[in-house]
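Survey of secondary and tertiary structure
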Amino acid sequence: MPNCSITVLRKNHTDEQFLAQRKLKELPETITRLRLADNLQTDRDTLERHAADPLRIGGRTYHPDDLASVLSDRLKALPGTVSGSRSTNSEPVAA
């Protein structure tokens, strides 16, 4: 019977080594995933803090509640088809 317990211990040791090596291979991906999750939470916190802040579109300031209708009106004003490229005087997006 002593050989049986040594065999079981060896198998358990081999299994543990395999799991440790697999976790080591997965570690960079896990770190990246956790950093992305942390960044997403930071973005959510920022959005929450600035949810009621006014926004500038086309040189005018709008309340967030008015954005859907403002953007809808601007989209309706766009031509249905594009016949070429043209320059616009759009303002850069503020961070």
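Residues numbered from 1 in each chain as written. Predicted model: local features only at pLDDT ≥ 70, side-chain atom pairs only at ≥ 80, totals over all residues. Heavy atoms only, no water.

Our next topic: the overall build of the protein. Tallying secondary structure elements over the protein gives two helices and two strands in all. Of the regular secondary structure in the protein, the N- to C-terminal order runs α-β-β-α. Evaluated residue by residue, the protein yields a buried proportion of 4% over its 95 residues. Approximately 9200 Å² of the protein is accessible, and the part contributed by carbon and sulfur atoms is 57%. (Helix = DSSP H or I, 4+ residues; strand = E, 2+ residues; numbered from the N terminus. Buried < 20%, exposed > 50% of the residue type's maximum accessible area, 1.4 Å probe, protein only. Areas by Shrake-Rupley, 256 points an atom, 1.4 Å probe, with all protein chains shown as cover.)

This part takes up a nonpolar patch on the surface. A contiguous nonpolar surface patch, about 280 Å² in accessible area, is contributed by Leu24, Leu27 and Ile31. Tracing the chain through its elements places Leu27 in helix α1 (residues 2-49). A residue is classified by how much of its surface remains accessible, and Leu27, at 42% relative accessible area, is partly exposed. (Patch = residues over 30% accessible without salt bridge, like charges linked within 9 Å, V, L, I, M, F, W, Y side chains within 5 Å. Salt bridge = Lys/Arg side-chain N within 4 Å of Asp/Glu carboxyl O.)

Applying the stated criterion across every chain, the model contains one salt bridge. Between Asp15 and Lys11 there is a salt bridge; the shortest N-O distance is 3.0 Å. In this pair, Asp15 and Lys11 both sit in helix α1, four residues apart, roughly one turn of the helix.

Here the focus is the confidence of the model for the protein. Across the protein, the average pLDDT comes to 87, with 88% of residues at or above 70. For the protein, strand β1 (residues 55-57) is the element with the lowest average pLDDT, namely 88, and α1 is the one with the highest, namely 92. (pLDDT = per-residue confidence, 0-100.)

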